[in-house]
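# Summary of structural features
The chain contents come next:
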Amino acid sequence: AALLSRTFVSSATDAIPSVSYGSAVRLLADPIVAAVVLSFALAICQDVGLNLVLPGLLRSFYGWDPTRQGLGAGVYFLAKIPAMLMGAWLLPRVRPSSAAVPCVAAVVVGLAVLCAAPSVGLFFAALLLVSFGSANFYGIAFGILAERHPADLDRLSSLLVMSISSAALVAPVLTLCGWRF
């Protein structure tokens, strides 16, 4: 707080355009922006949804008791740490759009294998693949938007923050679909 209190902030706000809900939503007219914001929301839903259903999957697929079921979410989120560190090194060296394809492919393949894994080992290997693929998606999504609209970063970040609320829909949707967690 002491450091922030000594930081000089210019009071010249005339050059800063006003950010409003409408000005942010108008950016969704660009199909790339709309697709990235939607994929950002889906990635958040995938994270939350996977966290909710992993214990049930481990119970129904492999008969794991509740004391062991938490291992799934622990492995998933713990594996994101080295993947994010690799992403912090790699992403500044490549275009975000070129990093998106292998990451999304890893998530899709991992989820497909996860749902039909005949063994616990393959289940956790697929879970690691999903974790590695999804770890840097948020940075990739923002990078794609920043390349497309560098002058609108404040509006774009507000769109992404609004899409985070989509995660609130995951539990009710999974409940309606019959998942028990």
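Structure: see above.
Please read all numbers here as calculations on a predicted model, not as lab measurements.

## Here's the deal with the pattern of salt bridges
Here the structure, examined in full by the defined rule, presents five salt bridges. Salt-bridge contacts for aspartate 30 lead to arginine 148; the nearest nitrogen and oxygen are separated by 2.7 Å. In this pair, aspartate 30 sits in the loop between helix H2 (21-26) and helix H3 (31-62) while arginine 148 sits in helix H7 (residues 137-148), placing the two residues 118 residues apart along the sequence. Take aspartate 30: its relative accessible area is 12%, and that puts it in the buried class. Judged by relative accessible area, which is 44%, arginine 148 ranks as partly exposed. We note a salt bridge from aspartate 47 to lysine 80, for which the minimum N-O separation is 2.9 Å. On the criterion of sequence distance, the pair formed by aspartate 47 in helix H3 and lysine 80 in helix H4 (residues 66-90) is long-range, its members being 33 residues apart. Just as aspartate 47 is buried, lysine 80 falls in that class too. Because the salt bridges share partners, they merge into one network encompassing Asp152, Asp154 and Arg155.

## Looking at the nonpolar core
Val33, Ile140, Leu145, Leu156 and Leu159 are the most contacted members of the largest nonpolar core, which totals 20 residues. If you list the elements that add at least two residues to this core, you get H3, helix H5 (96-116), H7 and helix H8 (153-164). With six residues, the single largest contributor to this core is H3. Once residues lying within four places of it in the same chain are set aside, the contact partners of isoleucine 140 are Leu91, Pro96, Ala99, Ala100 and Cys103.

## A few points about a nonpolar patch on the surface
A contiguous nonpolar patch, built from Tyr21, Val25, Leu28 and Met162 and spanning about 350 Å² of accessible area, is present on the exposed surface. Position of methionine 162 relative to the elements: it lies in helix H8. By relative accessible area, which is 33% here, methionine 162 ends up partly exposed.

## Here we look at the packing of aromatic side chains
For the coordinates displayed, the defined rule picks out seven aromatic pairs. Ring centres of phenylalanine 61 and phenylalanine 123 lie 6.4 Å apart, and the angle between their planes is 90°; on these two criteria the pair is classed as edge-to-face. Here the residue phenylalanine 61 occupies a position in helix H3, and phenylalanine 123 occupies one in helix H6 (residues 120-134), the gap between them amounting to 62 residues. Accessibility expressed as a relative area gives 35% for phenylalanine 61, which makes it partly exposed. In this structure phenylalanine 123 comes out as buried when scored by relative accessible area, which is 0%.

So, how was this worked out
Residues numbered from 1 in each chain as written. Predicted model: local features only at pLDDT ≥ 70, side-chain atom pairs only at ≥ 80, totals over all residues. Heavy atoms only, no water. Salt bridge = Lys/Arg side-chain N within 4 Å of Asp/Glu carboxyl O. Helix = DSSP H or I, 4+ residues; strand = E, 2+ residues; numbered from the N terminus. Buried < 20%, exposed > 50% of the residue type's maximum accessible area, 1.4 Å probe, protein only. Core = buried A, V, L, I, M, F, W, Y, C linked by side-chain atoms within 4.5 Å. Contact = heavy atoms within 4.5 Å. Patch = residues over 30% accessible without salt bridge, like charges linked within 9 Å, V, L, I, M, F, W, Y side chains within 5 Å. Areas by Shrake-Rupley, 256 points an atom, 1.4 Å probe, with all protein chains shown as cover. Phe/Tyr/Trp six-rings, centres within 6.5 Å; stacked < 30°, edge-to-face > 60°.

Bear in mind that shape data such as this cannot, by itself, settle questions of function.
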